[in-house]
There are 2 protein chains.
Amino acid sequence: MTNVAIIGVGQTAIGEHWEFSLRELAFQALSQAIKEAGIERPDALFVANMLAPRLSDQAHLGALVADYSGWRGIEAATVEAACASGGAAFQAGVRAVASGLAQVVAVCGVEKMTDATSESVTSALATAADADFEGAQGVTFVSLNALIMRRYMHEYGVPHAAFAPFSINAHRNAANNPNAMFRQPITDDVYARAPMIADPINLYDSSPVCDGAAAIILCPVEMARDLGKPIIRVLASATATDSLALADRRDLLALDAARQSAARAYAQAGLSPQDIDVFEVHDAFTIMAALSLEAAGFAERGQGTRLALDGEITPQGRIPISTMGGLKGRGHPVGATGVYELVDVVTQLRGEAGANQVKDAAIGMTQNIGGTGSTVVTHILRREN
Amino acid sequence: MTNVAIIGVGQTAIGEHWEFSLRELAFQALSQAIKEAGIERPDALFVANMLAPRLSDQAHLGALVADYSGWRGIEAATVEAACASGGAAFQAGVRAVASGLAQVVAVCGVEKMTDATSESVTSALATAADADFEGAQGVTFVSLNALIMRRYMHEYGVPHAAFAPFSINAHRNAANNPNAMFRQPITDDVYARAPMIADPINLYDSSPVCDGAAAIILCPVEMARDLGKPIIRVLASATATDSLALADRRDLLALDAARQSAARAYAQAGLSPQDIDVFEVHDAFTIMAALSLEAAGFAERGQGTRLALDGEITPQGRIPISTMGGLKGRGHPVGATGVYELVDVVTQLRGEAGANQVKDAAIGMTQNIGGTGSTVVTHILRREN
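Residues numbered from 1 in each chain as written. Chains lettered and ligands numbered in written order. Predicted model: local features only at pLDDT ≥ 70, side-chain atom pairs only at ≥ 80, totals over all residues.

Q: So what's going on with the overall build of chain A? Which residues, and what values?
A: When helices and strands are counted, chain A shows 14 helices and eleven strands. Taking the principal axes of the C-alpha coordinates as reference, chain A spans close to 55 × 45 × 40 Å. Across the 385 residues of chain A, 66% fall into the buried class. Here the contacts in chain A between residues at least 6 apart in sequence split such that 77% fall between residues at least 24 apart. (Helix = DSSP H or I, 4+ residues; strand = E, 2+ residues; numbered from the N terminus. Buried ≥ 20, exposed ≤ 12 C-beta atoms within 10 Å, placed from the backbone. Contact = placed C-beta atoms within 7 Å.)

Q: An account of the packing of helix α4 (residues 85–98) of chain B against helix α14 (residues 337–349) of chain B is needed here, citing residue identities and associated values.
A: Helix packing geometry: the angle between the two helix axes and the distance between the axes. All names here are of chain B. Close contact between α4 and α14 brings their axes to 5 Å; oriented N to C, the two are set at 70°. Taken together, the axis directions place α4 and α14 in an arrangement best described as roughly perpendicular. Facing S85, G86, G87 and F90 of α4, the residues of α14 in contact are T337, G338, V339 and L342. Within the contact of α4 with α14, the residues separate by chemical class into three nonpolar, five polar and no charged. (Axes fitted to C-alpha atoms, helices over the stretch in contact; angles between N-to-C directions. Parallel < 35°, antiparallel > 145°, perpendicular 65-115°, else oblique. Nonpolar A, V, L, I, M, F, W, Y, C, P; charged D, E, K, R; others polar.)

Q: Could you give me a rundown of the interface of chain B and chain A, with the residues and numbers involved?
A: Between chain B and chain A, the residue contacts involve 49 residues of the former and 49 residues of the latter. Among the residues making up the side of chain B that touches chain A, the classes are represented as 21 nonpolar, 18 polar and ten charged.

Q: Give me the confidence of the model for chain A: which residues, what numbers.
A: Per-chain confidence: chain A averages 97 in pLDDT, with 99% of residues scoring 70 or above. As scored by the predictor, the complex reaches a pTM of 0.98 and an ipTM of 0.97. (pLDDT = per-residue confidence, 0-100.)

Q: So what's going on with the pairing of strand β7 (residues 211–220) of chain B? Residues and values would help.
A: Residue and element names in this part refer to chain B. The buried fraction of β7 is high, at nine of ten residues. Two strands pair when backbone bridges link them, and strand β1 (residues 4–11) and β7 are joined in this way by seven bridges, in the antiparallel orientation. Within the sheet, the bridge partner assigned to G10 lies in β7 and is A215. Pairing geometry for strand β4 (residues 105–112) and β7, over eight bridges, is antiparallel. The residue bridging V105 from the neighbouring strand is L218, located in β7. (Pairing = 2+ DSSP bridges.)

Q: Now, about the environment of A:D57: what can you tell me, with residues and values included?
A: Tracing the sequence through the fold places A:D57 in the loop between α2 (52–55) and α3 (61–68). Setting aside anything within four residues of it in sequence, one finds A:D57 in contact with B:T127, B:A131 and B:G135.

Q: Explain the relation of the copies chain B and chain A to me, and be specific about the residues and the numbers.
A: By a simple turn and slide, chain B fits onto chain A: the slide is 0.0 Å along the axis, the RMSD is 0.0 Å, and the turn is 180°. This pairing of chains is accounted for by a two-fold axis. Relative to the rotation axis, the C-alpha of B:S99 is the closest in chain B, positioned 1.8 Å from it. Take the interface residues of chain B: 100% of them recur as interface residues in chain A, which is what a same-surface contact looks like. (Least-squares fit on C-alpha atoms with pLDDT ≥ 70 in both.)

Q: An account of the nonpolar core is needed here, citing residue identities and associated values.
A: Ranked by internal contacts, the top residues of the largest apolar core, which has 298 residues, are A:C108 and B:C108. In this structure A:C108 touches A:A26, A:A29, A:L30, A:L45, A:V47, A:A48, A:V65, A:A213, A:A215 and A:V339, once residues within four positions along its chain are discounted. (Core = buried A, V, L, I, M, F, W, Y, C linked by C-beta atoms within 7 Å.)

Q: Hey, could you go over the domain arrangement of chain A for me, with residue numbers and the actual values?
A: All names here are of chain A. Annotation of chain A at the domain level lists domain 1 (4–118 + 209–232) and domain 2 (126–207 + 234–384). Computed from C-alpha coordinates alone, the two centres of domain 1 and domain 2 are separated by 22 Å. Listed by partner, the interface residues are 38 residues for domain 1 and 37 residues for domain 2. Breaking the side of domain 1 that touches domain 2 down by element, the ones donating at least two residues are β1 (4–11), α4 (85–98), β4 (105–112), β7 (211–220) and β8 (231–241). A per-element tally of the side of domain 1 that touches domain 2 places α4 first, with seven residues. Split into classes, the residues belonging to the side of domain 1 that touches domain 2 amount to 27 nonpolar, nine polar and two charged. (Domains from an automatic or database assignment.)

Q: I'd love a proper account of helix α7 (residues 164–175) of chain A, names of residues and values included.
A: Residues and elements named next belong to chain A. Here α7 is twelve residues long and its end C-alpha atoms lie 17 Å apart, about the 16 Å a rise of 1.5 Å per residue gives. Burial analysis of α7 places eleven of its twelve residues in the buried class, the great majority of the element. Those residues of α7 not exposed but buried are A164, P165, F166, S167, I168, N169, A170, H171, R172, N173 and A174. On its buried face, α7 sits against α8 (188–192), α11 (286–295), α12 (304–309) and α13 (326–329). (Expected span 1.5 Å × (residues − 1).)

Q: I'd like a rundown of unusual backbone geometry, residues and numbers included.
A: With an omega dihedral of 10°, the bond running from A:D199 to A:P200 counts as a cis peptide bond. Note that A:P200 resides in the loop between β5 (196–198) and β6 (201–202). A positive phi angle is found at A:D57, which is not glycine, with a value near 55°. Its identity is not glycine, yet B:L255 carries a phi of approximately 50°, on the positive side. Within the secondary structure, B:L255 sits in the loop between β8 (231–241) and α10 (256–269).

Q: Outline the pairing of strand β3 (residues 75–80) of chain A, supporting the account with residue identities and numerical values.
A: Regular strands show a simple pattern: their side chains alternate between the two faces of the sheet. Along β3(A), six of the six residues are buried, which leaves the element largely enclosed by surrounding structure. Across five bridges, the pairing between strand β2 (residues 44–48) of chain A and β3(A) is parallel. Paired with A:L45 across the two strands is A:A76, which belongs to β3(A). Across three bridges, β3(A) lies against strand β3 (residues 75–80) of chain B in antiparallel orientation. Bridging from a neighbouring strand, A:V79 pairs with B:V79 of β3(B).

Q: Can you explain the packing of helix α1 (residues 22–37) of chain B against helix α3 (residues 61–68) of chain B? Please cite residues and give values.
A: Residues and elements named next belong to chain B. Running from amino to carboxyl end, α1 crosses α3 at an angle of 60°, the nearest separation of the two axes being 9 Å. Our classification of the angle between α1 and α3 gives oblique. Crossing of α1 against α3: the hand is right-handed. Packed against α1, whose contacting residues are R23, A26 and F27, the element α3 presents L64, V65 and Y68 at the interface. By residue class, the composition of the contact of α1 with α3 is five nonpolar, no polar and one charged. (Left-handed = near helix turned anticlockwise from the far one by under 90°.)

Q: Quick one: what's the story with the environment of A:A26, residue by residue and with numbers?
A: All names here are of chain A. With respect to the helices and strands, the residue A26 is situated in helix α1 (residues 22–37). Linking A26 and A192, residues 166 residues apart in sequence, is a C-alpha distance of 37 Å. Among residues more than four places away in sequence, those in contact with A26 are V47, V65, C108, V110 and A213.

Q: Could you give me a rundown of the environment of B:N385, with the residues and numbers involved?
A: All names here are of chain B. Considering the arrangement of structural elements, one finds N385 in the segment after β11 (375–384). Residue N385 is classed as exposed on the basis of its 5 C-beta neighbours within 10 Å. Sequence spacing of N385 and I232 is 153 residues, and the spatial spacing of their C-alpha atoms is 8.9 Å.

Q: Got a sec to walk through helix α6 (residues 141–156) of chain B? Specific residues and values, please.
A: All names here are of chain B. Look at α6: 23 Å from first C-alpha to last across 16 residues, which is about the 22 Å you get at 1.5 Å a residue. By the burial criterion, the buried members of α6 are F141, L144, N145, A146, I148, M149 and Y152. Looking at the packing, one finds that the buried side of α6 touches α5 (118–125), β5 (196–198), β6 (201–202) and α11 (286–295). At the exit of α6 stands G157, carrying a positive phi of roughly 60°.

Okay, structure coming up:
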């Protein structure tokens, strides 16, 4: 589709970074990425962030991060689509290069959630839902996902334990990722005995509140070749949307936007699910991993948990997911997550995933979800020699 | 530069819209624009907004507005660059079309400020400044602009009364604009006797807190021709940034980002200031109008107020500004303002500006400013036959 290549990536470890401010986290990720790209200064910067205006009293992150990174003067803006902000900002970067109106573009996802009270974080996260019809009723994000998970269990006769493999795979992979928040593998037993958060979602069905930043440098493929860089090409970039409110959905379990954005991405790339070697899903909750696998064509409806139970989602399986720990194990700094997913795929395509390496990974896909499936951004990347 | 054309515009009147929610305001503007374009459904929507996450507990406006407009499924995201959000979202739209990755794109700026307390609005607006080094000190936006204005008066020996023509021109033009918030012309005497807000900024140096939405539909020029639409072509789209904090500026009065973004826009369009027939400036405060005129090359440094005193900024002058009332008279719903500026230029280029029409206007420019000049987005549009 496009002639856009990724020539540098960077990330901070995910965790509770009380010692670093928003701009410092962004700078750490960007400085790694730009160094790897071997570039002095990008033409434009797109920052992905969701919560800073509420949790850090800071909007206007584009100019702030550009300046703090030493790039005063460049074009910059923030792109927001709730937890799909990272994917949306990356898409803006791809467009800027693909249009020929920018040459080198930096994308940085950054989020800082742990300096605020959990009440503030919960209500800030609820701004991804429909404020007038859901938020105003006191609905939280975990409770909305609990409604979906309960419906899934009811509709398909799936027990809660069927979701355990998603969490176990994520934590096992995270244990090998030095940038992951949680480095301890878990067992079925740990999963089963976990405290309940919002029935049926327990602690190990949920991703953590955390801080982190990830960054990517983009340029035209021809320029990447001239620079002698290994080519990771952006084959597809597609977004689809659905209602914010769950009550307005056509079908609670279809995840229409995920299906549509995946279909558009496959069409752009001229590929089908069989061609994907690694798939970074948006496992903010285990139910979202199951639905994303189904919507993207890797499992029939109601069979997402089956795929996980069969071991097909591990790095050795048919469709490896959450290979560096996913949102569950690596962490979910919400506005940054979509960029982390892309960095993880790049890590796999470069063969740098260590113990979690997916053998011969050449084509990788990400699906970044905002709200309860209200904005879904799908990207497909390919390693070229 | 690009092959992108504007084929439809829409706007709500600006005011205190307690009877309409955010999504309803956006819908009103978008439905006008899409009807004018004669299109059923765009491929993508970029929403410009700054304050909804804080003032309306609502982020994720892309998907929300897409769905409420009847376009469930399309690509959508929010673009934020403080008060330059409108220009930044329009630029994202231009890129999407220019890259060939989208065909018809809708851009909507929407802001709802009057349902909150003035304390909430003041602190929400302060998120455009540097939270750690300015906001944390209790600095407000009007006080930051007051520092700049005081410096300008001191440096160039300009009296406060020299800024009156900006306000008088804006209010005179707003009186003829049915969508403007203030429809009463003012006099030098009214300006001089206005209550002081933050010395030297008085009530008539400041734009109002208000609600509103404006929308634009973009498509390739060839498609616009096929549709039989009059062509308003996007000749240039350029953003530049500066520090968020005033204390970090190279020169308090240079408005470097405005100068750079204008220079880039002139270069893209192959034009110079002499070619511009109408210039919609970001007169959130009268001082910003003066500095924007200087940075964009219409006046020497310190001569912006002279231009105004000489009557050259009126619709009959050498460089008409704020021709439909500007931020001061029409209103400044912050995240929407950049889109309103573009709609005003389109109105002029189509010859639909009524009593405020700039004779033979063929090329128009907008300059949308975020923070105290921290993000500046310049666009140049041309009417083609």
